[in-house]
Amino acid sequence: MRQLYADEAKTGTSTVNRDAFNEMMRDAMDGKFDMLITKSITRFARNTLDMYYQM
C-alpha cells in the first residue's frame, strides 16, 4: 500500500469538504498510483454524479 486516504467522519455525499478524497484524486491525476482499492463503491462516492465526473 502506498498511502491510505481517509476522510474520517465526513459524509460521502459531496466531494467539497473531503480533503483526503481530493488529495487522492490529485495524486491519481499526477500518476502517483495505478490502482485504487476500496471496500465498496459507496466508500468512494455516494453521489453517483460526483463519482461519474471524477472518473
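This section reports on the structure supplied with the text. Since the model is a prediction, treat every value here as computed from it, not as a measurement. In this numbering scheme, every chain counts its residues from 1 along its sequence in written order. The predicted origin of the model limits local features to residues at a pLDDT of at least 70 and limits the giving and counting of side-chain atom pairs to 80 or more, whereas totals for whole chains, interfaces and linings rest on all residues. Side-chain measures here rest on the full set of heavy atoms in the structure, leaving out hydrogens and waters.

### What about the pattern of salt bridges?
A carboxyl oxygen of Asp or Glu within 4 Å of a side-chain nitrogen of Lys or Arg is what we treat as a salt bridge. A complete count under the given rule lists two salt bridges for this structure. Between R18 and D7 there is a salt bridge whose closest N-O contact spans 3.4 Å. Of the two residues, R18 is situated in the segment before α1 (19-29) and D7 in the segment before α1; the sequence distance between them amounts to eleven residues. Like D7, R18 is buried. Between K32 and D27 there is a salt bridge, with its nearest N and O atoms 3.5 Å apart. Relative accessibility decides the category of a residue: with a 1.4 Å probe and only protein chains considered, values under 20% of the type maximum give buried, values over 50% give exposed, and everything between is partly exposed. With relative accessibility at 9%, the residue D27 sits in the buried group. Helical segments are the DSSP runs of H or I of at least four residues, strand segments are the runs of E of at least two, and each set is numbered from the N terminus.

### Remarks on the packing of aromatic side chains
Within a pair of aromatic rings, the relevant descriptors are the distance that separates the centres and the angle that separates the planes. Pairing of aromatic rings covers Phe, Tyr and the six-membered ring of Trp, with a centre-to-centre limit of 6.5 Å; geometry is then stacked below 30 degrees between planes, edge-to-face above 60, and tilted otherwise. If you walk through the whole model with that rule in mind, you get one aromatic pair. Ring centres of Y5 and F33 lie 6.3 Å apart, and the angle between their planes is 50 degrees; this geometry places the pair in the tilted category. Of the two residues, Y5 is situated in the segment before α1 and F33 in the loop between α1 and α2 (41-44); the sequence distance between them amounts to 28 residues. On the basis of relative accessible area, F33 is assigned to the partly exposed category, the value being 21%.

### Comments concerning the side chain of D7
You can call D7 buried: its relative accessible area is 19%. Polar contact is the term for a pair of N or O atoms within 3.5 Å; when the atoms are in protein, one must be able to donate a hydrogen and the other to accept it, and sequence-neighboring residues count only if both atoms are side-chain atoms. A polar side-chain atom of D7 sits 3.4 Å from a polar atom in the side chain of R18. Of the polar contacts made by the side chain of D7, one reaches the backbone nitrogen of F21; its length is 3.1 Å.

### Things to note about the environment of Q3
Structurally, Q3 is set in the segment before α1. In the structure, Q3 is positioned 21 residues away from M24 in sequence and 9.0 Å away in space, judged by C-alpha atoms. Between two residues, a contact is recorded if the distance between any of their heavy atoms is within 4.5 Å. Excluding anything up to four places from it in sequence, Q3 contacts E23 and D27. Within the local environment of Q3, its side chain forms a polar contact with the side chain of E23, the two groups lying 3.3 Å apart.

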